[in-house]
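Fold and geometry: a report
Chain by chain, the residues run as shown.
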Amino acid sequence: MNRSSSSRYQSALSRRALLRGAGVALALPWLDAMRPACAADSSADVPRRLVAIETNMGILPQFFFPETAGRDYTLTPYLERLADRRDQITVFSGVSLPGVTGGHAAERCFLTGTPHPERGGFRNGVSLDQFAAERIGNRTRYPSLVLAMTNENPTLSYTRSGAPIPAEKSPKKLFQKLFVQGKPEEVDASVEALRQGRSTLDFLTEQAKRLGRSLGPADQRRIDQYFTAVRELEQRLHSAQEWERKPKPTVTAAPPEDIEDIRQFVNKTKLTFDVMKLALETDSSRVISLFIDTTVIHNITHHGNRPEALAELRRHEEGQFDVLAGFLKSLAELPEEGQSCLDRTMVLYGTCMGSANSHSNLNLPVLLAGGGFKHGQHLAFDVQQNYPLTNLYVSMLQRLRIEADTFSTGVGTLRGLDFA
Amino acid sequence: MRRPTFLCSGLPAMLLIALTTRAAGGAAPFLQMHCAGCHDGATKAGGLDLTALALELDQPENFSRWVKVHDRLEAGEMPPKDQPRPPVEEANAFATQLRQSLLEADRRRLAAAGRTGLRRLTRAEYENTVRDLFDMPGIALAGELPADGSAHGFDKNCDALDISHVNVTKYLEAADHTLDYAIATRPMPPTVHKRRISLCNAGGFVAHVVLNGDGVLLVDKKIDPEFPPSGEQGHIDEGAHERMGTFERGSSVGLFRHEDESLSPYFIDHVTIYPGLYRVRTSLFAFQWDQGQVLPARGTEAARLSVVQLTGDGRGGQHPSYVLGYFDAPSLESQEHELVTWLNHNELIGFNTASLAPQANYYKKKRAMEFTGPGIACDWLDIEGPLYEVWPPVSHRRLFGDLPLVKFDAAAQAGTRPPLRKQVRQLSGKNRPDPDAGLFTVQSTQPLADADRLLAEFLPNAFRRPVPDEVRADYLAQFAARLQEGDCFETALRYAYRAVLCSPEFLYHVEPAGVLDAPALANRLSYFLWNSLPDARLTQLARSGDIKRPDVLQGEVERLLQDPKSQRFIDDFLGQWLKLRQIAANDPDKKLYPEFNPYLQDSMVAETRAYFRELLEKNLDASYLVRSDFAMLNQKLAAHYGIPGVVGSKIRRVKLPDGCPRGGFLTQAAILKVTANGTTTSPVPRGAFVMDRLLGQPPEPPPSNVAAVEPDVRGTTTIREQLAKHRSETVCASCHAKIDPAGFALESFDVIGGFRTRYRSIGEGLSAERGAIDPAIGIGFKLGPEVDPQGVLPDERTFHDILEFQSLIAAEPRPLLKNLARQLAVYATGREVAFSDREEMDAIIDRTLAEGGGIRTLLHELVQSPLFQSN
């Protein structure tokens, strides 16, 4: 089983090297030994998945970061909660997003890495999940799921032009969208509505072309953005129209009931995790972003070092790590072709502020679980001169088999993190 | 690095020699002699190495660096005073040359890129435009659209207004929602009902009042004998329990408790079925409750009415959708209030005892017979509507004119699909829909001719300019195709209208390059002062071209400002200029600031808005931005500021006592709150706000590798002491010398804008006096170290407190006026004020000052300027 979990690049490379270096006669028994790897390769689409989670009010660094680097680090209070998955987790320290400053403003850049959200004229870039969804999203009913645990309107996901994608906030609605089949006449009506929608969009592209002819070059570029937006929606409707006729997967789990009280955010987060697990299990989508909005505890994050505020905050944050542990466990216990779902699902969990008390955006608490990396270590980088977290995003894109050498401010893969 | 491209950039030859530092193989004489001593590769003072700074003015970063060099030189800030300085003529000559090059490069850039780029409507513009286009003044759309970005401080810049498939999806949905609301589907208007509602008519709320004692039922300002106040037992008042489900007592309801997570005082009997205008009247009084006795109140209290959108489960959110207003409740004397408001599907009216201190639930407060404290009573609330002046309503007529509404005859129209009708479920309420009248729709005997006529009326309104025949023909073809496919007239034309509402000409401000034509000028004015499209009169002036006449334009500015729609300008502009949109970004710490509540927060925002309105109306000068002899206050704020004699919830002009620092924006609670974090203040963000938002000198962002100050409220150290260490480092000192002074002066104000001489602390300190804090509120904070509000301005003038600081700043109104002019210009034109606009800006300021320097004068001068009237 070890071999089949090795990367396609690595196995392809070793096979090429082998064929180059050895005679054909010699190659036969070797090839035989390599069959599992080749089989995995030839079954064109081993699903690789990405789940990216940001919690927006910081994570108390003193309870998160281990003191020593490497594989033998001592568990900290928060990591203690994830102890069962220790071997499937890499903890990072000394990382941040280069140039992403501005305290709370940074929360919209966690997956984009676009510098200086606090400045006038800021324009966000594409988020990691959407970059991935553009490339691998066509294989599932939903190219990506953009979710938030919140009563407001934050999102982690941004289109290529930097426009925010509104997040689904209700686990109940998400469940309906994923698993509740419409009646035949509803499907017909939906297909007809999609068809008419596409026809309107065709018309609008013609109008944009006409208008564009009367504009100067700079404004033509701007109307092109409208044109592209309409075209992309048309393509999405086209794809949705095709999916509309295919039945939705069925699950045995009961639909969740939403929790309105934002102070119960730990329970709300768990509800969201439960539906996410079902979405991954049914291969409804392979790319998920989740914004965990804990603004309700914003006040105590400005704890000013008061002991009782710190204690309350710690209690909330431990609750968050408990439900994260539950989510990782549910994926780890989900078998998938001899592996577990977690082995094929990268779960990025982190926050945009290293210290909410001072609004610092340096030294971000971040961890990565699962997805086919050699985990089980604490990768400690320089807390004075931080290492770019965006390099991790490049590693994650490559793990999704997306050919990307750079992403945002990331210009290479993350040092010290290897494919399993 | 790229080599500079001098030859094609058309720089004057002299400057070429003066500036081509690297091209000439060494620093140019002026820079070499006077600047490169510090700004070289070795020292890099302020991060600037002039010996390595190329002259590539076509690069935005490079351009802005040279602008900074120019500005420092021109202001005489560089070289620093303690260094040998060049002869004045030499420095001036160099600055002039540099300015010339920058101007030429800037004009070249703008000629290529266009000024105000093609930009789409902001969320607020979109919502207002639809509201005005269809005369549906309260339809809620903005909340469903993706948030806009922001550039140069405002969301109106084309750089901030990207569009993606997500926006288009939402525009399609918003268009459908709009058309659902706009199109009449019944031959007669919905029956107008007038319903009198008690606050205590249903289920759970009855239990709160009758059983728990969060309130009492009163008749003629005495205890309702049928339902006496809850006593000491958990289970009391035989009979009340049984009757709770259908409780229709109609008594006045006196409440002691605030709206909170488990108490939702709603007038639940009316839950809107038909979106439209409703007349709301209510009657309120205040009283003092003393364990069963109704006594005169401590004074006039204030109740809040709000609009609440019920959520899918029928329970309603914890927060009202928006506040209708605060209304006075005088002591034992019922006062009636009336207003007309738009209500959407499933919206109802909510109530709160706004001016009372938040009471914990009855476990702590105890039951009514054991409780003593203030209460606010609502006698009743009348709701009447929906109110239509005509039927079908204006929204329908804008789409279908006077075509008759008739019953859809399926037999006679075989092969035609009937119009679709969306069912909306009423989530609660005792009001009921009218009986179903059947399927009604507009009828046309000559569909193509009617559709063409209707589109000819609608399109120019929607596109805010004349529409060529061939464009109308495109939309007519959309209609015709649907008709051909078997849709009825309404559905087919609706399909075309939906396309109109998602078309680029509706969603974008389409303006010609160069000088604006009459329609574009009318639009710019209208979106500036109403944040929406022109009305009939302004459209007429655009069609005739008269709007281009200065006197007509001036008259229109006055007319638009006097119209209530100008409130949208004030709200939107202040929301961004003074960051009022962030007023609720954090809730003040409950232990440190227990007196804070939503009524105070709403009053803060109301003050700042009313003050700006007053500056405009009275045409006051720019010194009023920071210092004033009056303030715009209500009772809540006056108490907060320690100003006696103001009674009632309405904001009014109040003359300030001598030596009171309040009034101007600088010391308004809203500004002091948005510049703090809810727990602590710091001179740095506050100082940066004053520099950036009021003085027009945005500070450089902090270097990213410097650790921020860790706030501390344990009462052992002050922010000033913490900063002192930071400021002593030379890298930090030069910027902080500019940023911090205003912040030091404002240290006299806490995170909710209260005046202080000591910091509140949660650790060590002296015990705090109650002051103006409501007696029902517990005080858990102490008084820590003393505030030190002294400071030194960069020009070395000193001040001891906020009053002296205000005097120093107000003594020079020009920078204040200039900054306001710049903010207004960016907001109004949707573009940055470029380097090459500086001359024009100065001319606007000069003309304004020549006419007395009033802020309304400034607005007129801006609108009359080529800056406003061209692209």
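Residues numbered from 1 in each chain as written. Chains lettered and ligands numbered in written order. Predicted model: local features only at pLDDT ≥ 70, side-chain atom pairs only at ≥ 80, totals over all residues.

Some details on the overall build of chain A
Along chain A, the regular secondary structure elements total twelve helices and eleven strands. Looking at the 420 residues of chain A, the share that counts as buried comes to 48%. Here the contacts in chain A between residues at least 6 apart in sequence split such that 69% fall between residues at least 24 apart. (Helix = DSSP H or I, 4+ residues; strand = E, 2+ residues; numbered from the N terminus. Buried ≥ 20, exposed ≤ 12 C-beta atoms within 10 Å, placed from the backbone. Contact = placed C-beta atoms within 7 Å.)

Points about the overall build of chain B
Within chain B one finds 30 helices and 22 strands. Expected size for 871 residues packed as a compact globule is a radius of gyration near 29 Å; at 32 Å, chain B falls within 12% of this value. Oriented by its inertia axes, the alpha-carbon framework of chain B measures out at about 95 × 80 × 45 Å. For chain B, buried positions account for 45% of its 871 residues. (Rg over C-alpha atoms; globule rule 2.2 N^0.38 Å.)

A few points about the sheet that holds strand β19 (residues 766–767) of chain B
Spatially, three strands are ordered β18-β20-β19 (chain B) in an open sheet, and the strand pairing comes out antiparallel. In this open sheet, the two edge strands, each paired with only one partner strand, are β18 (758–761) and β19 of chain B. (Pairing = 2+ DSSP bridges.)

Focus on unusual backbone geometry
Look at the link from Gly385(B) to Pro386(B): it is a cis peptide, with omega at 0 degrees. Within the secondary structure, Pro386(B) sits in strand β12 (residues 372–387). At the junction of Trp391(B) and Pro392(B), the peptide bond is cis and its omega measures out at -10 degrees in the coordinates. Phi at Glu337(A) takes a positive value of approximately 45 degrees, unusual for a residue other than glycine.

Observations concerning the environment of Pro393(B)
All names here are of chain B. With respect to the helices, strands and loops of the structure, Pro 393 is situated in the loop between β12 and α11 (394–400). For Pro 393, a count of 21 C-beta atoms within 10 Å puts it in the buried group. Placed 210 residues apart in sequence, Pro 393 and Ile 183 show a C-alpha to C-alpha distance of 8.4 Å. When neighbours within four sequence positions are excluded, Pro 393 is seen to be in contact with Ala 184 and Tyr 388.

Side note on the interface of chain B and chain A
Listed as interface residues are 48 residues of chain B and, on the opposing side, 46 residues of chain A. Among the elements of the structure, α7 (165–182), α13 (469–484), α14 (489–502) and α15 (504–507) of chain B are those that each provide at least two residues to the side of chain B that touches chain A. Its residues placed into classes, the side of chain B that touches chain A shows 20 nonpolar, 17 polar and eleven charged. (Nonpolar A, V, L, I, M, F, W, Y, C, P; charged D, E, K, R; others polar.)

Overview of the pairing of strand β5 (residues 252–255) of chain B
In summary, the side chains of a regular strand alternate between the two faces of the sheet. All names here are of chain B. Side chains Ser 252 and Gly 254 project from β5 onto one buried face, and the interleaved Val 253 and Leu 255 project onto a second face that is buried too. Across four bridges, the pairing between strand β3 (residues 215–219) and β5 is antiparallel. Following the sheet pairing, Val 216 is matched in β5 by Gly 254. Summarising the sheet, β5 and β12 pair through three bridges and their orientation is antiparallel. Looking at β12, one finds that Gly 254 is bridged to Ala 377.

Section: helix α4 (residues 60–74) of chain B
Residues and elements named next belong to chain B. An ideal rise of 1.5 Å per residue puts 21 Å on 15 residues; α4 measures up with 21 Å between its terminal C-alpha atoms. Those residues of α4 not exposed but buried are Trp 66, Val 69 and Leu 73. Angularly, the buried residues of α4 cover 50 degrees about the axis, an arc narrow enough to put them on a single face. Of the exposed residues in α4, those oriented more than 90 degrees away from the buried face are Pro 60, Glu 61 and Ser 64. (Expected span 1.5 Å × (residues − 1). Arc of directions from axis to C-beta.)

What about the environment of Thr272(B)?
All names here are of chain B. Locating Thr 272 in the fold gives a position in the loop between β5 and β6 (276–290). A tally of 25 C-beta atoms within 10 Å means that Thr 272 is categorised as buried. Considered as a pair, Thr 272 and Arg 99 are 173 residues apart in the sequence and their alpha carbons are 62 Å apart. Thr 272 has contacts with Leu 343, Asn 344, His 345, Asn 346, Glu 347 and Leu 348, leaving out every residue within four places of it along the chain.

Describing the packing of helix α7 (residues 184–213) of chain A against α14(B)
To characterise two packed helices, one gives the angle between the axes of the helices and the distance between these axes. Closest axis-to-axis distance for the α7(A)/α14(B) pair is 10 Å, and the angle between their directions is 50 degrees. By the angle between their axes, α7(A) is oblique relative to α14(B). Handedness of the crossing formed by α7(A) with α14(B): right-handed. Taken together, the residues of α14(B) that come into contact with α7(A) (itself represented by Thr200(A), Phe203(A) and Leu204(A)) are Arg498(B), Ala499(B) and Cys502(B). Grouping the constituent residues of the contact of α7(A) with α14(B) by class yields four nonpolar, one polar and one charged. (Axes fitted to C-alpha atoms, helices over the stretch in contact; angles between N-to-C directions. Parallel < 35°, antiparallel > 145°, perpendicular 65-115°, else oblique. Left-handed = near helix turned anticlockwise from the far one by under 90°.)

Some thoughts on the sheet that holds strand β4 (residues 145–149) of chain A
Residues and elements named next belong to chain A. Taken together, the seven strands give an open sheet; going across it, the order is β4-β5-β1-β8-β9-β2-β10, and neighbouring strands pair in mixed fashion. At either margin of the open sheet sits one strand with a lone partner, and together these are β4 and β10 (377–380). For this sheet, the mean inter-axis angle between neighbouring strands, taken without regard to orientation, is 15 degrees. The sheet contact formed by β4 and strand β5 (residues 287–292) spans five bridges and is parallel. By the bridge assignment for β5, Ala 148 is matched with Phe 291.

Brief notes about helix α17 (residues 536–544) of chain B
Count 3.6 residues to each turn of an α-helix, and residues three or four apart come out pointing the same way. Residue and element names in this part refer to chain B. Residues of α17 that are buried: Leu 538, Thr 539, Leu 541 and Ala 542. Seen end-on, α17 carries its buried residues on one side only, within an arc spanning 160 degrees. Away from its buried face by more than 90 degrees, α17 exposes Ala 536, Arg 537 and Ser 544. Each element contacted by the buried residues of α17 is listed here: α16 (518–529) and α18 (550–562).

Comments concerning the nonpolar core
Grouped together as the largest cluster of nonpolar side chains are 156 residues, with contacts concentrated most on Val51(A), Ala132(A), Val230(A), Phe479(B) and Cys502(B). Contact partners of Phe479(B), with chain neighbours within four places excluded, come to Ala451(B), Ala492(B), Leu493(B), Tyr495(B) and Ala496(B). Formed by 141 residues, the second largest nonpolar core is a distinct cluster that contains Phe285(B), Ala303(B), Tyr326(B) and Ala622(B). (Core = buried A, V, L, I, M, F, W, Y, C linked by C-beta atoms within 7 Å.)

Re the packing of helix α8 (residues 217–244) of chain A against α7(B)
Two numbers describe how α8(A) lies on α7(B): the axes approach to 8 Å, and their chain directions differ by 75 degrees. Regarding the angle of α8(A) to α7(B), the classification is roughly perpendicular. Across the interface between the two elements, Ala229(A), Val230(A), Glu232(A), Leu233(A) and Arg236(A) from α8(A) touch His165(B), Asn167(B), Val168(B) and Thr169(B) from α7(B). In the contact of α8(A) with α7(B), the residues fall into four nonpolar, three polar and two charged.

Some details on the pairing of β12(B)
Residues and elements named next belong to chain B. Note that strand β2 (residues 193–197) and β12 share five bridges and pair antiparallel. Bridged to Lys 194 within β12 is Glu 384. With 13 bridges connecting them, β6 and β12 associate as antiparallel partners. Considered in β12, the bridge of Phe 285 is made with Ala 377.

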